[in-house]
Amino acid sequence: MSAAVLPSPRAAAALVRAGFRRYASYRAATLAGAVTNTFFGVVKLSILFAAADAAGGAVAGYDRAALSTYTWVAQGMIAVVVLFGGAELAERVRTGDVVIDLGRPVHPVAVWLAEDLGRAGQACLVRFFGPLAFGGLVFGLSVPRQPATVPLFVVSAVLAVVVSFSCRLLVNLVAFWLLDVRGVLSVYMVASNVLSGLIVPIAFFPGWLQGLARATPFPALVQVPVDIAVERVTGTDALLALAGQAAWAVGLLAAAVWTLHRGTRRLVVQGG
Amino acid sequence: MIVELDGLSRHFVVRRPTGRFRREKRVVRAVDGISFTVAAGECVGYIGANGAGKSTTIKMLTGILVPTSGRVRVTGLEPVRQRRELARRIGVVFGQRSQLWWDLPLAESFRLLAAIHRLEPAVARARLDRCVDLLDLAAFLDTPVRQLSLGQRMRGEVTAALLHAPRLLLLDEPTVGLDIVSKEALRAFLTEERRVAGTTILLTTHDLSDIERLSDRVVVVDSGRVVHTGGLAGLAAAAGVDRVLVVDLAEPAPPLEGVPGTRFLSAEAGGLRQHLALTGSAAAAVAAVSARVELRDLTIAEPDIESVVRRLYHRAAATRPAGS
């Protein structure tokens, strides 16, 4: 990608804002989502507390405070990194509307990424801070002991959004080959929910499954930012974890750009 | 030349199951060796029936679709290789798709497009103000695009396509689904845009009046091939397809032969309803008819593009040497 095909800083900022405002117009859906994520957070945390109590106060190094923080940060991340996936772009490929995105003077991946960052920012407001505030008030959270924890978490969360964007983009781009991506999307949903550490922390998994999960980009979506938030990973380890996320982000973005290029070469625009 | 096509073709391979396991491969020649040019400032109508290859051609002109063979140049650029550079020089309106941001107010789409095209805010402002004025957009600038009527949205689409002052405007069925008033408003605006900015226009349409109102010249395609190019003066006449005046009379009358500007075609119901082919102005013909008999009702049947294209195609086929 040469500089000329990237949006100018002004255009990038406008696109981020547009992504933010687009999702801000669906207030009822946002609220319903936050309530659902909070409800399941209560269920999940009750089970995790029971497990911790049975194990004598902590499981796999997570005590009650860490489990609470893990649960509420993870529940908050669901919407920010769209763990349940979406087929918006695949739909644009299926209907042929993708010609509009391809006909702009800037690279479509840059436009989509900017809009997705805006979407994630909007998701933070209610979908992230909502469950987190509820959890803090009702169950209490572990308070960070190190000043670096919050900025490290923010960087990690942004990288998580970029990794998530690239994964979802790749899944959606399959639509250039298979017009119906629902099958691929379900596989992605199951894999991302389990292997990201959303259901239970990856440290709870048997050794072989931990190994498998760490070979995928999914822990970069939830487990890595959460472990930074609960200060399981700190200092140099935290920086290494961010580097790992960044590597996935760059690699997957490049793969998505390449896949889009291949896809457009064989494009048959649907619907005339 | 703003647009140059030389032997442009696009073939699609369609696979069709013919038995339980067997699939038949069939090559569809959507565009099959099309050549024509459009000079700066011209407005060319690109017409043909459904499936004639119009949209496929437009997509190759924008660089979105890779040609199978042939050469294409748009504003001097090679569309597929220089697609994004070209996007700064052309504006495109697909009548059945939207380039606006669906969930956001219309004005927001214009701000985004101005930023994407790196327009100076003052320049963008001036161009937008002109469109808002001429296309009457002010009332719904703050309405989310998904809530606009089709007519309002199309006016928004045309503005979006013209914001960056493109040299070439590609319009793919811009009036499809619009009511008469919206169609007229759009045509008047496009005429004005050509006069003021000298924008070159290539337009596909199913509506013969779009062509008559807007274009200097037509290229007619059928089955992926050019069957007619030329001025549109008497396009319908050239094809031997007439506008037909149908008159319902108060009382049965003998055939209305010899009415100036018409040719008698047929009569029904013992002369109560008569069909006259119009060779001149409809108004003069109606006046001449009503001078002779008492009119109860009348309609004018415009030739549709399909019949014009079909006639032109058959004529081209008849004059083509055998075996070519």
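Residues numbered from 1 in each chain as written. Chains lettered and ligands numbered in written order. Predicted model: local features only at pLDDT ≥ 70, side-chain atom pairs only at ≥ 80, totals over all residues. Heavy atoms only, no water.

**Let's talk about the packing of helix H7 (residues 149-173) of chain A against helix H11 (residues 235-265) of chain A**
In a packed pair of helices, the relevant descriptors are the angle between the two axes and the axis-to-axis distance.
Residues and elements named next belong to chain A.
Here comes step 1: Between H7 and H11, whose axes approach to 9 Å, the crossing angle comes to 25°. The angle between H7 and H11 falls in the class roughly parallel. The two elements H7 and H11 meet at a crossing, and its hand is left-handed. (Axes fitted to C-alpha atoms, helices over the stretch in contact; angles between N-to-C directions. Helix = DSSP H or I, 4+ residues; strand = E, 2+ residues; numbered from the N terminus. Parallel < 35°, antiparallel > 145°, perpendicular 65-115°, else oblique. Left-handed = near helix turned anticlockwise from the far one by under 90°.)

**Overview of the packing of H7(A) against helix H8 (residues 182-195) of chain A**
All names here are of chain A.
Here comes step 1: Following both chains from N to C, one finds H7 and H8 inclined at 150°, their axes separated by 10 Å at the closest point. The angle between H7 and H8 places the two elements in the roughly antiparallel class. Across the interface between the two elements, Ser-164, Cys-167, Arg-168 and Val-171 from H7 touch Val-184, Leu-185 and Tyr-188 from H8.
Here comes step 2: Of the residues belonging to the contact of H7 with H8, the class tally is five nonpolar, one polar and one charged. (Contact = heavy atoms within 4.5 Å. Nonpolar A, V, L, I, M, F, W, Y, C, P; charged D, E, K, R; others polar.)

**Digging into the interface of chain B and chain A**
Here comes step 1: Contact with chain B, which involves 31 residues of that partner, is made by 36 residues of chain A.
Here comes step 2: In this assembly, chain B packs against chain A so that about 2900 Å² is buried in total across both faces, 57% of it on carbon and sulfur atoms.
Here comes step 3: Taken as a group, Ile64(B), Arg84(B) and Arg97(B) account for 24% of the area that chain B buries against chain A, more than any other trio of residues on that side.
Here comes step 4: Along the contact surface separating chain B from chain A lie three salt bridges.
Here comes step 5: Where chain B meets chain A, there are 10 residue pairs in polar contact (both at pLDDT 80 or more). (Buried area = accessible area lost by both parts, 1.4 Å probe. Salt bridge = Lys/Arg side-chain N within 4 Å of Asp/Glu carboxyl O. Polar contact = N/O pair within 3.5 Å; in protein donor to acceptor, adjacent residues only side chain to side chain.)

**Looking at a nonpolar patch on the surface**
Here comes step 1: Where nonpolar side chains cluster on the molecular surface, the patch consists of Val16(A), Leu117(A), Val150(A), Val154(A) and Val158(A) and spans about 350 Å² of accessible area.
Here comes step 2: Its location among the elements puts Val16(A) in helix H1 (residues 9-24). (Patch = residues over 30% accessible without salt bridge, like charges linked within 9 Å, V, L, I, M, F, W, Y side chains within 5 Å. Areas by Shrake-Rupley, 256 points an atom, 1.4 Å probe, with all protein chains shown as cover.)

**So, the domain arrangement of chain B**
Here comes step 1: Here chain B is described as being made up of domain 1 (3-237) and domain 2 (242-301).
Here comes step 2: On a C-alpha basis, the centres of domain 1 of chain B and domain 2 of chain B stand 39 Å from each other. (Domains from an automatic or database assignment.)

**Some remarks on the pairing of strand E6 (residues 168-172) of chain B**
Along any regular strand, the residues point their side chains to alternate faces of the sheet.
All names here are of chain B.
Here comes step 1: Extensive coverage of E6 is indicated by the burial of five of its five residues.
Here comes step 2: Side chains Leu-168, Leu-170 and Asp-172 project from E6 onto one buried face, and the interleaved Leu-169 and Leu-171 project onto a second face that is buried too.
Here comes step 3: Here strand E5 (residues 90-94) runs beside E6; their pairing, made up of five bridges, is parallel. Each bridged residue has a counterpart across the sheet, and for Val-92 the counterpart in E6 is Leu-170.
Here comes step 4: One ladder, built from five bridges, connects E6 with strand E7 (residues 200-204); its direction is parallel. Bridge pairing in E7 links Asp-172 to Thr-204.
Here comes step 5: The parallel pair E6 and E7, bridged by helix H6 (residues 180-197), forms a crossover whose chirality is right-handed. (Buried < 20%, exposed > 50% of the residue type's maximum accessible area, 1.4 Å probe, protein only. Pairing = 2+ DSSP bridges. Right-handed = clockwise from strand over helix to strand, strands pointing away.)

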